[in-house]
Each structure stands twice: as C-alpha cells, then as structure tokens.
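# Chains, contacts and geometry: an overview
In case you want the letters, here they are:
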Amino acid sequence: MLEEVDRWLATRSWSVTDRPLHRILAAKQRTGQSVSVVLPALNEEETVGDIVAIIRHDLMQQAPLVDEIVVVDSGSTDRTSEIAARAGARVVHRDDILPRVPAVPGKGEVLWRSLLVTSGDIVCFIDADLKEFSSDFVSGIVGPLLTEPGVDLVKAMYDRPLGGAAGQGGRVTELMARPLLNMHWPQLAGFVQPLGGEYAARRSLLEQLPFPVGYGVELGMLVDALHLVGLDALAQVDVGVRKHRHQDGQALGRMAAAIYRTAQLRLARGHLIRPSLTQFERGEDGFEPRTYSVDTEERPPMAEIAEYAARRVA
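This write-up is about the structure you can find in this document. (Residues numbered from 1 in each chain as written. Predicted model: local features only at pLDDT ≥ 70, side-chain atom pairs only at ≥ 80, totals over all residues. Heavy atoms only, no water.)

Here we come to the pairing of strand β2 (residues 35-41). Of all 7 residues in β2, 7 are buried; the element is thus mostly enclosed. Residues of β2 alternate between two faces, with V35, V37, L39 and A41 on one and S36, V38 and P40 on the opposite face, all of them buried. As paired strands, β2 and strand β5 (residues 122-125) are joined by 4 bridges and run parallel to one another. Opposite V37, over in β5, you have C124 as the bridge partner. Where β2 meets strand β3 (residues 68-73), 6 bridges bridge the pair, whose relative direction is parallel. Residue V37 lies in a different strand from β3, and its bridge partner there is I69. Taking the sense of rotation as the criterion, the β-α-β connection linking β2, helix α3 (residues 48-61) and β3 turns out right-handed. (Buried < 20%, exposed > 50% of the residue type's maximum accessible area, 1.4 Å probe, protein only. Helix = DSSP H or I, 4+ residues; strand = E, 2+ residues; numbered from the N terminus. Pairing = 2+ DSSP bridges. Right-handed = clockwise from strand over helix to strand, strands pointing away.)

The next subject is the pattern of salt bridges. Tallied over the entire structure, the rule returns 18 salt bridges. We note a salt bridge from K107 to E218, for which the minimum N-O separation is 2.9 Å. Of the two residues, K107 is situated in helix α5 (residues 107-114) and E218 in helix α9 (residues 217-229); the sequence distance between them amounts to 111 residues. Residues K107 and E218 agree in their burial class; the two are buried. With a closest N to O distance of 2.7 Å, E109 and R113 form a salt bridge. Highlighted residues: E109 and R113, both in helix α5, separated by 4 residues, approximately one helical turn. Like R113, E109 is buried. (Salt bridge = Lys/Arg side-chain N within 4 Å of Asp/Glu carboxyl O.)

We now examine the nonpolar core. Formed by 49 residues in total, the largest nonpolar core has its most connected members in L188 and F211. Going through the elements one at a time, β3, α5, β5, α7 (171-184), β8 (199-202), α8 (203-206), α9 and α10 (249-268) are the ones with two or more residues in this core. At 7 residues, α9 tops the list of elements feeding residues into this core. Residues contacting F211, with those up to four places away along its chain left out, are G108, L111, W112, L115, L206, V217, M221, E298 and R299. Of all hydrophobic cores here, the second largest spans 41 residues; its members include A27, C124, A235 and V237. (Core = buried A, V, L, I, M, F, W, Y, C linked by side-chain atoms within 4.5 Å. Contact = heavy atoms within 4.5 Å.)

Take the sheet that holds strand β7 (residues 153-159) next. Read across the open sheet, the 8 strands follow the order β1-β10-β7-β8-β5-β2-β3-β4; overall the sheet is mixed. Bordering the open sheet on either side are β1 (13-15) and β4 (90-93), each of which pairs with just one other strand. Each adjacent strand pair in this sheet contributes to an overall mean axis angle of 25°, direction not counted. As paired elements, β7 and β8 share 3 bridges and run antiparallel to each other. (Axes fitted to C-alpha atoms, helices over the stretch in contact; angles between N-to-C directions.)

So, on to the packing of aromatic side chains. Throughout the structure, instances matching the rule amount to 4 aromatic pairs. An angle of 35° between the planes, with centres 5.7 Å apart, marks the rings of F133 and F137 as tilted. Accessibility classification places F133 together with F137 in one group, the buried group. These aromatic residues form a ring-pair network of at least three members: F133, F137 and Y158. Taking the ring centre of W14 as reference, the NZ or CZ of R19 above it sits at 4.0 Å. (Phe/Tyr/Trp six-rings, centres within 6.5 Å; stacked < 30°, edge-to-face > 60°. Lys NZ or Arg CZ within 6 Å of the ring centre and 35° of its normal.)

Looking at the element boundaries, T47 is found in the loop between β2 and α3. Once residues within four sequence positions are removed from consideration, T47 is found in contact with A128, D129, L130 and K131.

Under the 1.5 Å per step criterion, the end-to-end length of α3 is 18 Å for 14 residues, consistent within 8% with the ideal 20 Å. Those residues of α3 not exposed but buried are V48, G49, I51, V52, I55 and L59. One side of α3 carries all its buried residues, which in axial view fall inside an arc of 160°. In α3, those exposed residues whose orientation departs by more than 90 degrees from the buried face are D50 and Q61. Next to the buried residues of α3 lie α2 (21-31), β2, β3, α4 (80-87), β6 (130-131) and α6 (136-147). (Expected span 1.5 Å × (residues − 1). Arc of directions from axis to C-beta.)

Purely spatial values, then, with no claim about function.
See below:
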C-alpha cells in the first residue's frame, strides 16, 4: 500500500463514536449548513418506511441534524411511495424531475436528478433496502463534513454479512472494484467499501461531478472526486454492520460489467466495440443466452444544467 494511503487511513478513517451527536449538532449550528438525506428507491416497500421513520425520529425530532428527507422513486410498482410518504419523507418521482431530459433506468440517474429537488449544503445518500437500520449511518457520515472543513466526501464503511457469514458480502467490490482501484487508482485502495451506497458530500462537490447513470456511479464518483479535490478531501467512517437484500449472481455480473465500463471510460475514454454482456440461463432446450446492454451513458455535472443554475440564482 502507498505511504500516502497509510497516512490517509490514520487521519481520514474514523469511527462513528469519534464524533458524539452533540458535537455534530454544535458544528451544524456554528456553520449554518443544512443537510438533505436522499433515498433512491425502486420497489422497497418492506424497508423504506422504517429507514425514513428512524431518521425522522432520531435526527429531526430528537436532534435537529437533518433538514429534509427525500425519497426519489424510480418507478416502483409496489407501495414504496405511499409508505415513504406516510413515514414522513417527501416523495418525488424520477420522471417528474427535469422532464425535458428523458430518464433512463439506473441508480446514478436517480442520484443525479435528486440534486435538483434537494436544498441541503450537504447531501447524504442512503440505500432504501437496508435492514435493521441505525441513524448512525447518517450522523456518522455527515459528521466529518460539519466538523472538518477540508473534507468534501465521506463514505460509510461496515461489515457486510452474507447468509450469516461475516464479511462475505460485497462480492462485486472484492472481485471487480477493489482490484480495479488497487491497480489503476492506488490512492483509493484504503476505502473499505468503495461501492457502498451510503455516503455524504458537499453539494459544491456533487454539482461538479458527472454521474454514470447506472451501477458505476459510486466508483465513478470516487475516482472523479479524487482527481477534483484530492485524497485528503475524502474520508470514511465505520458505522458497524450493513444488512440488506442481496442480488443473485447474474445481477451482480451486470453490475460488475457496468463498473468495469465506468473504470474503462476514466482510464482512456476509449471506444468499446460491444458494450453488452451475455449471460446464460438453463431453459427447456439447454442453456439459453441472455444479452444485456451495459450502462455507458453519463449525466453531465449538474452545474452545467440550466434549470439547476436558474434555481441557484432564484
């Protein structure tokens, strides 16, 4: 590991217990910064309500850390929107945000559009499929942004059990993202959960970053933030254990392909002849191919969008 990364691990990797909530609240009051929490959601009726309710109770009613909770629904066919709204979130539908730009499927698309419907100086992203959720996920990653002026982006780190086995989750991280980062961006080798969906950043940084529309958004954001603000402006906080709904192996393959494509674009901005992935499923007549397109589209920095600039002026 690079000496620079060793130093970073000693100075920019913290535990949620390092910043008691009263210290974070005092920093928020002193700096006057506002905090938005965004949950991108697609058919998460089983978990989204509990997450919203816990954040609202712990960090809005009991302690005034969070100023708004926004759930961006990307086309759920279940009761995600209804349950989120009943729990206290403001629910916005993806297709209603910036309608002149047709929406495409993907998590990154939702995160990008969320910048237009939130107002916080700090934006905190939380996946909507978390189980046994703790508000420490929010206060832990928002805390350094309020107490450390030189930090611009903070990722959560945690254990990821799989089927009761400790540390066996995060398969795409271990098989795809971590090798890519170690080989091509070794300064980022210290991130425990580079693909984790729980992170917070200053709006002033997010609005300058391009957003891959799909699963590559987390890797792309880390790499682009490193180039834009440097390693010392990035940090991570240990928030314990993350439990969530796991995807099957083929879904993980498609995720890995999108992440590889995101890395490839950043390595060379080169031409990919065939941006697709073929997988196989057993059918009545043997193994049948299924070909999926790989996310190749990226949204430009939000600062370049006229509607966003007009909102800032207003």
